[in-house]
Amino acid sequence: MPRVLCVAEKNSIAKSVAGILSGGRSSRRDSPSKYIKNYDFTFDFPFSGSSDVTMTSVAGHLTGLDLDQAHGWGKCPIPQVFDAPIVEIHTKDQEKMASNIKRECRNADYIMIWTDCDREGEYIGWEIVQAALQGNRNLQGNVYRAIFSHLESRHIIHAAKNPKRLDQRAVDAVRTRMEVDLRSGVAFTRFLTELLGSKVERDLGLKNNQRPIISYGTCQFPTLGFVVDRFERIQKFIPETFWYIVLSVPNGPDTTNFQWERGHLFDRLTVAVIFELCLETSRNIAKVTDIKSKSTSKYRPLPLTTVELQKNCSRFYKMSAKASLDAAEKLYQKGYISYPRTETDIFPSKMDLQSLVEQQTSDNRWGDYAKTLLNGPGSNRFKWPRAGKNDDKAHPPIHPIISCGAGLDNENEKKVYEYVTRHFLACCSEDSKGHSTTMTLKWGTEFFTASGIVVLERNFLDVYVWMKWETTKQLPNLALGQDVELSSSLMKDGQTSPPNHMTESELILLMDANGIGTDATIAEHIEKIQQRDYIKKKKMSKQTYLIPTTLGISLVHGFEAIGLEDSFAKPFLRRQMEVDLKLICDGNKNKLEVVNDLITKYQEYYGLTSTNQNKLVETYMNIKSLI
DNA sequence: GCAAGGTC
């Protein structure tokens, strides 16, 4: 029988796909790597007919890139980094994975790639093929690619029956990113460290053997830029005084305030004139000119993505993005939750979500809630989740798999499991429903409104305990057209206030929105710029904020002073690279062209930075002396 | 000693 080797991006996919294609009758063997298993079974592929199949995997990339030996740190003038030869390097684990591929493909007639169907997955597929060809040259030309976006059986079988080829354009796009990130990162990191390292070392009070690294990275700098930008908006903020009019109306023993439809104005005289005019024409009588009642709802959350998980664990539990992702990873390995790195916020239509809800009925925290979702009573019954707009074509939204009961002793894992589960149950619930009433008063020439909300059905809010929606005080009982005697009419002043310092949750949102990093790496970039002493976490009245250090601020301003056309600390450069990568994927540009363009740009920036290096030093000295 | 991206 022909032999087919299938290779996935990680063991969990290999295991699931082997289970589906073998109809549950595969046998498992160990591999040289502890992360990887080999699964044997038979399957009927269109290119080979009935075949002996081995399904295995790697665990992420098989190779890393670095500059060749001759261009190590200190061994060459820095500008050579931009065109030095690049070599492939392997960790011990990667060598074990590659040797498994080589051994397993020795007798194979075909190889089929089952890596995730995203850009990086395509490149990992290419790496796998290179390793396989080293083990067995005859595989050349017998390479196939499975296209799949989730692990539903019929979908996976369809993918196996409709093999495609690797997309070389996507492979080229990833290689482009790798080369540009490597060369620009290494060049500017060496430059900055050599320029500022000894000064920073003294200022941080480090010992000789703890030379600081002052790194540049295409993601690190924009991340730092966001934090510095917020910090300075607060520093530079000048409060402005504004004026407004507020009416209050008797409401039982209490009063209700009506807000001015103009909000507030920054000119005191204008407000005073309007106020006096109203007082003259209407004294203390206003008329009800409008009462609008409508039903309103608060939407249940969208299916859970990695970025949302990190943002909310930071908000609800004050966990760092890295801590929440680490805990999610552990929960995934233990089988409690689904794969935690996903951009998808739409559940595949065939997924059996009700049995996942059923799993949760035994939990003493939300079990009763899960039961009512499935069996009533009441109107909050299981409802298919809302659909978001993102699909990474590789993984479904994050959801609980099995109930953890009392099986978790790690605090962070407990919290993340609770969050994932409550979020999932909320997704499968009805929106919260309420009723809002808005009343408008006319006083003189001006209009004023007040609103009241009655929450009628809490629904998902009962399980999504962090979100608040409360019934407000009722509006005074007045009829349309009725005159009402005011208990007061006042002209008041107030001041605009500065924004708050950056929270980790906001930073994650900004990075995601600007394409800085990926779901799997955003947390690492935030960690990295803390390690580098560019930003620090600071606790202020219950909240933890991210504050830039002297060094962090200096780097941003130093490069600003040099005046590169595309600021390093802004997301623009990185986004431009994404656009170019997309052009490569669509066949409108080639790799060589894009690499040359981007590297030329970085070389030019390096030249400018190098001739203006005194500006970096001066900026650092200046800012240091101010603090 | 340097990047960012996968994954464990």
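Here is a short report on the structure shown in this document. (Residues numbered from 1 in each chain as written. Chains lettered and ligands numbered in written order. Predicted model: local features only at pLDDT ≥ 70, side-chain atom pairs only at ≥ 80, totals over all residues. Heavy atoms only, no water.)

### Side note on the overall build of chain A
Part 1 of the reasoning: Across its full length, chain A carries 18 helices and 17 strands.
Part 2 of the reasoning: Seen along its three principal axes, the alpha-carbon backbone of chain A occupies a region of about 95 × 70 × 50 Å.
Part 3 of the reasoning: Across the 627 residues that make up chain A, the buried fraction comes to 51%.
Part 4 of the reasoning: For chain A, the separation between the mean place of its 81 positive charges and that of its 76 negative charges on side chains is 3 Å. (Helix = DSSP H or I, 4+ residues; strand = E, 2+ residues; numbered from the N terminus. Buried < 20%, exposed > 50% of the residue type's maximum accessible area, 1.4 Å probe, protein only. Lys, Arg positive; Asp, Glu negative; His and termini not counted. Charge placed at Lys NZ, Arg CZ, Asp CG, Glu CD.)

### Comments concerning the sheet that holds strand β11 (residues 285-298)
Part 1 of the reasoning: Overall, antiparallel pairing links the 7 strands, which are arranged β14-β11-β12-β13-β10-β9-β15 in an open sheet. Each having just a single partner strand, β14 (483-485) and β15 (488-495) make up the two edges of the open sheet. Shown here is a sheet whose adjacent strand axes are inclined to one another by a mean of 40°, direction ignored.
Part 2 of the reasoning: As judged from the 11 bridges shared by strand β12 (residues 432-443) and strand β13 (residues 446-457), these two strands associate in the antiparallel manner. Of the residues in β13, the one forming a bridge with Met-439 is Ala-450. (Pairing = 2+ DSSP bridges. Axes fitted to C-alpha atoms, helices over the stretch in contact; angles between N-to-C directions.)

### Section: the packing of helix α5 (residues 168-204) against helix α16 (residues 572-585)
Part 1 of the reasoning: Two elements in contact, α5 and α16, have axes whose closest approach is 8 Å; the angle formed by their N-to-C orientations is 155°. The angle between α5 and α16 places the two elements in the roughly antiparallel class. In this structure, α5 meets α16 at a crossing whose hand is right-handed. In this structure, α5 contributes Arg-169, Ala-170, Asp-172, Ala-173, Thr-176, Arg-177, Val-180 and Asp-181 to the contact, and α16 contributes Arg-574, Met-577, Leu-581, Ile-584 and Cys-585.
Part 2 of the reasoning: Among the residues forming the contact of α5 with α16, the class breakdown is 7 nonpolar, 1 polar and 5 charged. (Parallel < 35°, antiparallel > 145°, perpendicular 65-115°, else oblique. Left-handed = near helix turned anticlockwise from the far one by under 90°. Contact = heavy atoms within 4.5 Å. Nonpolar A, V, L, I, M, F, W, Y, C, P; charged D, E, K, R; others polar.)

### Brief notes about the pattern of salt bridges
Part 1 of the reasoning: Enumeration over the complete set of coordinates arrives at 35 salt bridges.
Part 2 of the reasoning: The residue Glu-430 makes a salt bridge to Lys-433 at a minimum N-O spacing of 3.4 Å.
Part 3 of the reasoning: By relative accessible area, which is 16% here, Glu-430 ends up buried. (Salt bridge = Lys/Arg side-chain N within 4 Å of Asp/Glu carboxyl O.)

### A closer look at helix α6 (residues 220-235)
Part 1 of the reasoning: The end-to-end C-alpha distance of α6, which contains 16 residues, comes to 23 Å, matching closely the 22 Å that a straight helix rising 1.5 Å per residue would cover.
Part 2 of the reasoning: A large share of α6 lies buried, amounting to 13 of its 16 residues. (Expected span 1.5 Å × (residues − 1).)

### What to know about the protein's contact with DNA strand B
Part 1 of the reasoning: Lys-10, Leu-65, Glu-329, Tyr-339 and His-525 are the nearest of the 41 residues found near DNA strand B.
Part 2 of the reasoning: In DNA strand B, atoms within 4 Å of the protein come from the sugar-phosphate backbone in 62% of cases.
Part 3 of the reasoning: In the environment of DNA strand B, a sugar or linking oxygen lies 3.4 Å from a nitrogen or oxygen atom belonging to the side chain of Arg-177.
Part 4 of the reasoning: Within the side chain of Asp-181, an N or O atom sits 3.2 Å from a sugar or linking oxygen of DNA strand B.
Part 5 of the reasoning: Here the surface near DNA strand B gets 9 residues from one element, more than from any other, and that element is α5.
Part 6 of the reasoning: Across the surface near DNA strand B, the residue classes tally to 13 nonpolar, 15 polar and 13 charged. (Near = heavy atom within 4 Å. Polar contact = N/O pair within 3.5 Å; in protein donor to acceptor, adjacent residues only side chain to side chain.)

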